[in-house]
Amino acid sequence: MATLTGRAERERHARHLHSRLLAGERRMGYLLLTPTLLVLGVFLLYPFLFGLWLSVTNAELTDIGHFIGLGNFKFEFTVDRPFLQALSNTFLYTVVTTVFKLGLGMGMALLLNQAFPLQRFVRAAVLLPWIIPTVLSTLAWKWMFDPTFSVVNWAAVHLHLVAYPGPNWFGSTNWALAALMVVNTWRGFPFYGVSILAGLQTIPHDLYEAARVDGAGRWHQFTHITLPMLRPVLLVVLLLSTILTFADFQVPFVLTNGAPYNSTHVLATWAYQWGVPGGAIGLGAAISLVLFPLLAVLVAATLLILRRPE
Amino acid sequence: MERALGRWIRIYIPILVLLVITLFPFYWMAVTTFKSPSELFDFNQTPLFVRQPTLEHWRELFLHTNFPRWTLNTTIVAIVSTAISLFCSILAGYSLARLRYRGANATGWAIFITYLVPPTLLFLPLTFVIRSLHLFNNLLSLILTYPTFLIPFCTWLLIGYFRSIPRELEESAMVDGATRLQAMTRIVIPLALPGILSAGMFAFTLSWNEFLYALIFLNDSTAKTIPVGVTQEFIHGDDFFWGQLMAGALMGSVPVALLYSFFVDYFVSGLTAGAVKG
């Protein structure tokens, strides 16, 4: 009897202690989150919700405006021609650069995954385009693409790739879009490369040995071992990079800012154009929200992929 | 012999090509800064080299522009916003990785989602917020807004680091009479230092490189950061001062390049933590 009450007592005591501990953890958990939630609430969540409201108003910087329904969106899709061009540019820009970044990044990873001298130096050097301030390296590219005095056309002409004087890069829509894609790809592929390289290094060697024993060739090994094992890394990198490229502002703003004739804008620069120099914040907010549905899909996909292993 | 040739074709030459592609723009920046205007616009000469090097663009940059001021501004903003972000994300990361309470998991995912919200979606409404706080042309406008993209990233990175530290270490300290807070500050945080370092370096680099908010919130020449100052003030109408532009671009890149070259392993582990570990 005595031992029984003793045990019950002890158990109750333990339960009590446990729940007190948990209550303590809960209080501390919320407390530690407070600074983060405060910052994100005021400068991220609030602006986001406020942006939703702005997109259905005719707000200007000094005037909060009033509700005009879907007027901004109607204006964009029916009247504002550069917007439609910006919309299609954004998709083209994202798709083309993503394909190139993936291809080059894969090549870079496979190359750097081999043994060679100065490995550390090379691995560090090739990531530089991704580390350096994007607008500053974009400036260098803008100068490199200068049609008359600079190095891209000089090299292309001397290698007999194009006839003198070479393309006027920022004078035609197609060349200007191509230049944008080159710069974005140059800046972005090292991120793919290094992430894929890290993924490659987690693949166990014995898989390849077993495949060799079974007589599988290099290509077969690549498609049947490397690619399937890289799938999670590839998906995450692709989604992150697609989100960033889709919303890119820096490269298009510095390199062309729409030139020639507002034909090379993307959604981000066109939203800026209306919202900041143009002063039509409501309209600008509506334009940047056009990004939102696709971003939401991409974000949801990222979450699903990251969640699955658990 | 044939083996060696094969290695050149399969490895060395592709690596050289890769290095040229990634590094040439930096060489081009450097070479441009030493060319006199007459050399810059002489299309009869090979553009790859300098014939008569001059330091005039560098002198101009440091003595007659606001570049030194921009460097100071950028440094202040990067250091302070990194410090704020690390403080917030160490606390939040610990809370989400270690403490058990309702909503912890959902909060973790919510913070991850905010990491995926691009500034492009927020900059216009944020101009209202900054205006009502009277922070235009004030570095505080950046110091307060940069943490919105730094904290989610750092928190996510640190959650992974905190989880990799065995719970038992903390529990045994608490059995010995340490409080939760002591266990966190004396045991978990010191062990997570590599993670904190790599989060800090990412935060510093991201704030150093930020462009959109700085472009919109700062208009006074003396208030600008390097990316905005260099891209906005060395171009007058259709006149591009390429020598100055490239000198500014190079100088603006050097600090992050140095930081990165000293800590490249932290960078790469931080970069790949998200992608590989998931």
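Residues numbered from 1 in each chain as written. Chains lettered and ligands numbered in written order. Predicted model: local features only at pLDDT ≥ 70, side-chain atom pairs only at ≥ 80, totals over all residues.

## Considering the overall build of chain B
- Counting its secondary structure elements, chain B contains 15 helices and two strands.
- The C-alpha radius of gyration of chain B comes to 24 Å, more than 25% above the 19 Å expected for a compact globule of 278 residues.
- Each principal axis of the C-alpha distribution contributes one length, and for chain B these read about 80 × 70 × 30 Å.
- Considering chain B as a whole, with its 278 residues, one finds that 46% of them fall into the buried category.
- By sequence separation, contacts in chain B at least 24 residues apart represent 77% of the contacts at least 6 residues apart. (Helix = DSSP H or I, 4+ residues; strand = E, 2+ residues; numbered from the N terminus. Rg over C-alpha atoms; globule rule 2.2 N^0.38 Å. Buried ≥ 20, exposed ≤ 12 C-beta atoms within 10 Å, placed from the backbone. Contact = placed C-beta atoms within 7 Å.)

## Topic: the overall build of chain A
- When helices and strands are counted, chain A shows 14 helices and zero strands.
- Each helix and strand of chain A, placed in order from N terminus to C terminus, yields the pattern α-α-α-α-α-α-α-α-α-α-α-α-α-α.
- Its C-alpha atoms give chain A principal-axis dimensions of roughly 105 × 70 × 30 Å.
- Evaluated residue by residue, chain A yields a buried proportion of 40% over its 310 residues.
- For chain A, restricting intrachain contacts to residue pairs at least 6 apart in sequence, the fraction spanning at least 24 positions comes to 67%.

## Some remarks on the interface of chain B and chain A
- Contact with chain B, which involves 76 residues of that partner, is made by 79 residues of chain A.
- No other element matches helix H1 (residues 2–33) of chain B, which puts 11 residues into the side of chain B that touches chain A.
- For the side of chain B that touches chain A, the per-class residue count stands at 55 nonpolar, 19 polar and two charged. (Nonpolar A, V, L, I, M, F, W, Y, C, P; charged D, E, K, R; others polar.)

## Quick notes on helix H6 (residues 134–144) of chain A
- Burial analysis of H6 of chain A places 11 of its 11 residues in the buried class, the great majority of the element.
- Turning to H6 of chain A, its buried residues number three or more, namely Thr134, Val135, Leu136, Ser137, Thr138, Leu139, Ala140, Trp141, Lys142, Trp143 and Met144 of chain A.

## As for the domain arrangement of chain B
Residue and element names in this part refer to chain B.
- Considered domain by domain, chain B is made up of domain 1 (1–54) and domain 2 (56–277).
- In this structure, domain 1 and domain 2 have C-alpha centres spaced 33 Å apart.
- Facing eight residues of domain 1, the contacting portion of domain 2 comprises nine residues.
- It is H1 that provides the largest number of residues to the side of domain 1 that touches domain 2, a total of four residues. (Domains from an automatic or database assignment.)

## Description of the packing of helix H8 (residues 173–200) of chain A against helix H10 (residues 218–246) of chain A
Residue and element names in this part refer to chain A.
- It is at 10 Å that the axes of H8 and H10 come closest, and there the two elements cross at 155°. Between H8 and H10, the crossing angle belongs to the class labelled roughly antiparallel. Along this stretch, H8 crosses H10, giving a crossing that reads as right-handed. Residues Asn184, Gly188, Phe191, Tyr192, Ser195, Ile196 and Gly199 of H8 touch H10, and the partners they reach there are Leu230, Val233, Val237, Ser241 and Thr245. (Axes fitted to C-alpha atoms, helices over the stretch in contact; angles between N-to-C directions. Parallel < 35°, antiparallel > 145°, perpendicular 65-115°, else oblique. Left-handed = near helix turned anticlockwise from the far one by under 90°.)

## So, the environment of Pro255 of chain B
Residue and element names in this part refer to chain B.
- Tracing the backbone shows Pro255 in helix H14 (residues 242–262).
- Using a count of 18 C-beta atoms within 10 Å as the deciding quantity, one classes Pro255 as partly exposed.
- In this structure the C-alpha to C-alpha distance between Pro255 and Thr205, which are 50 residues apart in sequence, comes to 9.1 Å.

## A word on the nonpolar core
- In terms of nonpolar packing, the biggest core is built from 152 residues, with Leu139 and Ala140 of chain A together with Cys154, Leu158, Met246 and Ala249 of chain B touching the most fellow members.
- Inspection of this core shows a minimum of three residues originating in each of domain 1 (1–54) and domain 2 (56–277) of chain B. (Core = buried A, V, L, I, M, F, W, Y, C linked by C-beta atoms within 7 Å.)

## What to know about unusual backbone geometry
- The peptide bond linking Tyr164 of chain A to Pro165 of chain A adopts the cis configuration, its omega dihedral lying at 5°.
- Examined against the element boundaries, Pro165 of chain A turns out to sit in the loop between helix H7 (151–158) and H8.
- Omega for the peptide link from Ala259 of chain A to Pro260 of chain A comes to -10°, which places this bond in the cis form.
- Tracing the sequence through the fold places Pro260 of chain A in the loop between helix H11 (250–255) and helix H12 (267–275).
- One non-glycine residue, Asn262 of chain A, lies in the positive phi region at around 55°.
- Structurally, Asn262 of chain A can be placed in the loop between H11 and H12.
- Judged by local crowding, Asn262 of chain A falls into the partly exposed class, with 19 C-beta atoms found within 10 Å.
- The phi dihedral of His134 of chain B is positive, around 55°, even though this residue is not glycine.
- One can find His134 of chain B in the loop between helix H6 (123–132) and helix H7 (140–145).

## Remarks on H10 of chain A
Residues and elements named next belong to chain A.
- For H10, spanning 29 residues, the distance from its first C-alpha to its last is only 35 Å, which falls clearly below the expected 42 Å at 1.5 Å a residue.
- The sharpest bend along H10 comes to roughly 55°, located at Arg231, with the proline Pro232 sitting one to four residues further on.
- All of the buried residues in H10 are Thr226, Leu230, Val233, Val236, Val237, Leu238, Leu239, Ser241, Thr242, Ile243, Thr245 and Phe246. (Expected span 1.5 Å × (residues − 1). Bend = angle between axes of the 7 residues up to and from the residue.)

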